[in-house]
Amino acid sequence: MTRKRRTPKTHYSLVHELFASDSAPMPAHTRRHQLTRMADALSEMMHAPRPGNEAWRVLSDAVNLLETLVLCGEAPVKDATTGKTIASHWRGCDGNPVEIADASGLLADAITAMAKAGERAFDGKPMRLDGPGLQAVRAVLEDYQTALECLPARTMVRCHRTTEKRIREIYGRIDHLPDGVHVMVI
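Attention here is on the structure that accompanies the text. If you're wondering where the values come from, they're calculated on a predicted model, not measured in any experiment.

Quick word on the environment of aspartate 79
In this fold, aspartate 79 is placed in the loop between strand 1 (75-78) and strand 2 (85-91). Judged by its relative accessible area of 25%, aspartate 79 falls in the partly exposed class. In this structure aspartate 79 touches Lys84 and Ile86, once residues within four positions along its chain are discounted.

Here you go:
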């Protein structure tokens, strides 16, 4: 008997995306709620004796959302030497392009830091961020806050949906990932 993998629930549907404003940011209470959850999760990862899985998930979601914003925009910006996407342009609330980039250059470090924190939990240790990991995650949260404040609600809902789709695709390939690529589900 094979066991079916649990895929994460989706938070937003296409209907949510279509009804979200394409000229105004997410409502202030929604932005405040997201940012408060992220700040609380970071505080828990820093100060709680044994940070919970939910704090790790909230921070991982923020990191994944920023990664989507950087990699999957309407007009990707490539690094001239490596050819990797380093930023993307999205339409801002006024309709003009807004470049969303990994301003600090710490997105990859934040991804690594979250993986290390998860590995600590699997080893029976508290799920903590080390110093550089904490700095990287803080920088990603700041970049995400900037994006949340300048992009229309429709774009942010699309970002959530695209991130969920990317995660589902990764779950679908979990048995066939390249060497060195690890997926963490906590």
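Observations concerning helix 2 (residues 28-47)
The end-to-end C-alpha distance of helix 2 is 28 Å, a good match for the 28 Å that 20 residues give at a rise of 1.5 Å each. All of the buried residues along helix 2 are Arg31, Gln34, Leu35, Met38, Ala41, Leu42 and Met45. For helix 2, the buried positions fall inside an angular range of 120° around the axis, keeping them on one side. Residues of helix 2 that are exposed and point over 90 degrees away from its buried face: His29, Arg32, His33 and His47.

A short note on the layout of surface pockets
Size it by volume and the second largest pocket reaches roughly 270 Å³. Every residue along the wall of the second largest pocket is listed here: Glu67, Val70, Leu71, Lys84, Thr85, Ile86, Asp102, Leu107, Ala108 and Ile111. Looking at side-chain class alone, the lining of the second largest pocket contains 6 nonpolar, 1 polar and 3 charged residues.

The rules behind the values
- Residues numbered from 1 in each chain as written.
- Predicted model: local features only at pLDDT ≥ 70, side-chain atom pairs only at ≥ 80, totals over all residues.
- Heavy atoms only, no water.
- Helix = DSSP H or I, 4+ residues; strand = E, 2+ residues; numbered from the N terminus.
- Buried < 20%, exposed > 50% of the residue type's maximum accessible area, 1.4 Å probe, protein only.
- Contact = heavy atoms within 4.5 Å.
- Expected span 1.5 Å × (residues − 1).
- Arc of directions from axis to C-beta.
- 1 Å grid on protein atoms, 1.4 Å probe; cavity = no way out; pocket = protein on both sides within 12 Å on 5 of 7 lines; lining within 4 Å.
- Points joined across faces, edges and corners; volume = space filled by probe spheres on them.
- Nonpolar A, V, L, I, M, F, W, Y, C, P; charged D, E, K, R; others polar.

That's the geometry; what it means functionally is another story.
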